[in-house]
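Chain by chain, the residues:
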Amino acid sequence: MQTNYIREGMRKLLVIDWESEEEDIYEIELFKATKVPCFLSFETREVDGDKKLYYEMGHGVSLSLALQHMSLSSERVRHMVRSIKQMWENCEEFLLDPLSVIYDPNLIFVDVTSGEFSFLYYPKKEGEEKEIKDFLSVLLQNVDKKQEEGMLCLLRFYNQVTDERFKVDQAECVGISEEGRLEILKEEPQVEEINDEPFVVEKKKKNKRKVNIKLHYVTKKLMIVVAVFDVLMLIGLCMNILTYEKMGYLFIGLAVLIGMSIVYMQIDTEETPEEMMEEYWNQKQYVTKEQEEMPLVINDDGMKNEEVYSGETVLLSSSYEEENIVEEICHGDLCLKPFNDERLKPVCFGHKSIVVGSMEDGCDYTLKEKGISRMHAKLMDKEDGAYLIDLNSTNGTYLNGELVTPGTDYKIEEGDMISFGESEFFVAYEN
């Protein structure tokens, strides 16, 4: 599915090829006439004989990009689950097919403050429920495990959706209370419980993953040995140490290496959501046991206090955090230096990506100035140089006076002028 981002004046559009030959489709007419909640509005156009869907983009950031720089707190998780549930309800209300929704994290847009989603509806798309489960697995792998409420909400939602009896068109079995907690409105699928653990992975699945990890390790070592053998054979042939009659061994070694590479790529060693669930509960019980065994601490006033490990990250003060961020990102040669504004600090980056925006959570460089979006733009260091990408900001990003297209990489060099809202920077090398 080919995608492209374009600008038409102040409008930002996401363009996707459409292969259907049908003309009069209910969904297309619906989105032309009505703003469907939780979805991006779209229209069809014909360009050079090819039909394309033009989606009106909002101000959200793609989920895949946001997850690289944003933690999934309990509040964000609740909004995400609520947003998915609301989207399914809207599909039922407007007679839309839930399997025609695109569940690709690159094409799902999220409000980085609240966590609410905006989905793309692709008419006549032949989807399957596996896409939904894969989408929820991505969220599970990025949720903040230290925030118990959000973790529980997402785990139970995943557990309900992945049940064999669950159908997307019967999504009313999952609900959200007024306080934002997940509720099962119908009978919840029965899950075998052992030692009060609500999620237990079968022993066979555990053993299979352990075997896969061991096989993955052994295959990797054998590939290195075969690769060294092939290199030595090739060097020997080039230096006339070995005769060309021995070339058959080289071809056999290359064939073995290719075969082992294919096997290596097919071995699945990723942790499944079910294993993540069990690991989470095991850790939770372990921390609780440690808390019970913690010694008592006597304060200066003679009072006894129990020393408790909360398992949470201690936040630094805002002033120290700001100094730490600036020191961390100023390690490269290429910098963005403020233009005629001594209040701003330079944005220096080396072999890492830097997100610029007004939101402290998720941005490496916080820029709280007029016209700056929460996650405004991203600076990347690649093999062939540095690049700038606009993250669908409200007021846009300008490179040498030209408004850049959201989602597109632009190479930057020394002397270029970059504007984030009303804040101007110039590209220079750090002395």
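Visitor: So what's going on with the pattern of salt bridges? Residues and values would help.
Guide: Evaluation of the coordinates by the stated rule reveals 14 salt bridges. Between E8 and R45 there is a salt bridge whose closest N-O contact spans 2.7 Å. On the criterion of sequence distance, the pair formed by E8 in strand 1 (residues 3-8) and R45 in strand 3 (residues 42-47) is long-range, its members being 37 residues apart. In this structure, the salt-bridge partner of R76 is D361, at a minimum N-O distance of 2.9 Å.

Visitor: Give me unusual backbone geometry: which residues, what numbers.
Guide: Backbone geometry places K124, a non-glycine residue, at a positive phi of 65°. Tracing the backbone shows K124 in the loop between strand 9 (120-121) and helix 4 (129-142). Residues other than glycine seldom take positive phi values, yet N400 does so here, at roughly 55°.

Visitor: Account for the nonpolar core, with residues named and values stated.
Guide: Residues F39, F117, F135 and L139 are the most contacted members of the largest nonpolar core, which totals 66 residues. When near neighbours in sequence (up to four residues on either side) are disregarded, F117 contacts C38, L63, M80, S83, I84, I108, F109, V110, F135 and L139. Counting residues in hydrophobic clusters, the runner-up holds 21 residues, among them V356, L379, L388 and F425.

Visitor: Run through the sheet that holds strand 4 (residues 50-56), naming residues and quoting values.
Guide: Pairing is antiparallel in the open sheet, where 4 strands are placed in the order 1-2-4-3. This sheet does not close on itself; its edge strands, each paired only once, are strand 1 and strand 3. Adjacent strand axes in the sheet meet at a mean angle of 35° when their direction is disregarded. Here 6 bridges tie strand 1 to strand 2 (residues 11-17), and the two strands are oriented antiparallel to one another. The residue bridging R7 from the neighbouring strand is K12, located in strand 2.

Visitor: Quick one: what's the story with the state of the cysteines, residue by residue and with numbers?
Guide: Using the criterion set out here, one finds 0 disulfides in the structure. C38 provides the cysteine sulfur closest to C91, a residue in no disulfide bond, and the two sulfurs are 8.8 Å apart. In this structure C91 comes out as buried when scored by relative accessible area, which is 1%.

Visitor: Could you give an account of the environment of G236, naming the residues involved and the relevant values?
Guide: Its place among the elements puts G236 in helix 6 (residues 203-238). You can call G236 buried: its relative accessible area is 7%. Separated by 10 residues in sequence, G236 and K246 have C-alpha atoms that sit 10.0 Å apart. Contact partners of G236, with chain neighbours within four places excluded, come to I241 and L242.

Visitor: So what's going on with the packing of aromatic side chains? Residues and values would help.
Guide: Scanning the entire structure with this criterion turns up 13 aromatic pairs. Between the aromatic rings of F42 and Y55, the centroid separation amounts to 5.2 Å while the plane-to-plane angle is 45°, which identifies the pairing as tilted. Note that F42 is positioned in strand 3 and Y55 in strand 4, a separation of 13 residues in sequence. On the basis of relative accessibility, which here comes to 4%, the residue F42 falls in the buried class. In this structure an aromatic cluster arises from ring pairing among F31, F39, F42, Y55 and Y121. Its end group placed over the ring of Y54, R45 keeps NZ or CZ at 4.2 Å from the ring centre. Sitting over the face of the ring of Y387, K382 holds its NZ or CZ atom 4.8 Å from the ring centroid.

Rules used throughout
- Residues numbered from 1 in each chain as written.
- Predicted model: local features only at pLDDT ≥ 70, side-chain atom pairs only at ≥ 80, totals over all residues.
- Heavy atoms only, no water.
- Salt bridge = Lys/Arg side-chain N within 4 Å of Asp/Glu carboxyl O.
- Helix = DSSP H or I, 4+ residues; strand = E, 2+ residues; numbered from the N terminus.
- Core = buried A, V, L, I, M, F, W, Y, C linked by side-chain atoms within 4.5 Å.
- Buried < 20%, exposed > 50% of the residue type's maximum accessible area, 1.4 Å probe, protein only.
- Contact = heavy atoms within 4.5 Å.
- Pairing = 2+ DSSP bridges.
- Axes fitted to C-alpha atoms, helices over the stretch in contact; angles between N-to-C directions.
- Disulfide = S-S within 2.5 Å.
- Phe/Tyr/Trp six-rings, centres within 6.5 Å; stacked < 30°, edge-to-face > 60°.
- Lys NZ or Arg CZ within 6 Å of the ring centre and 35° of its normal.

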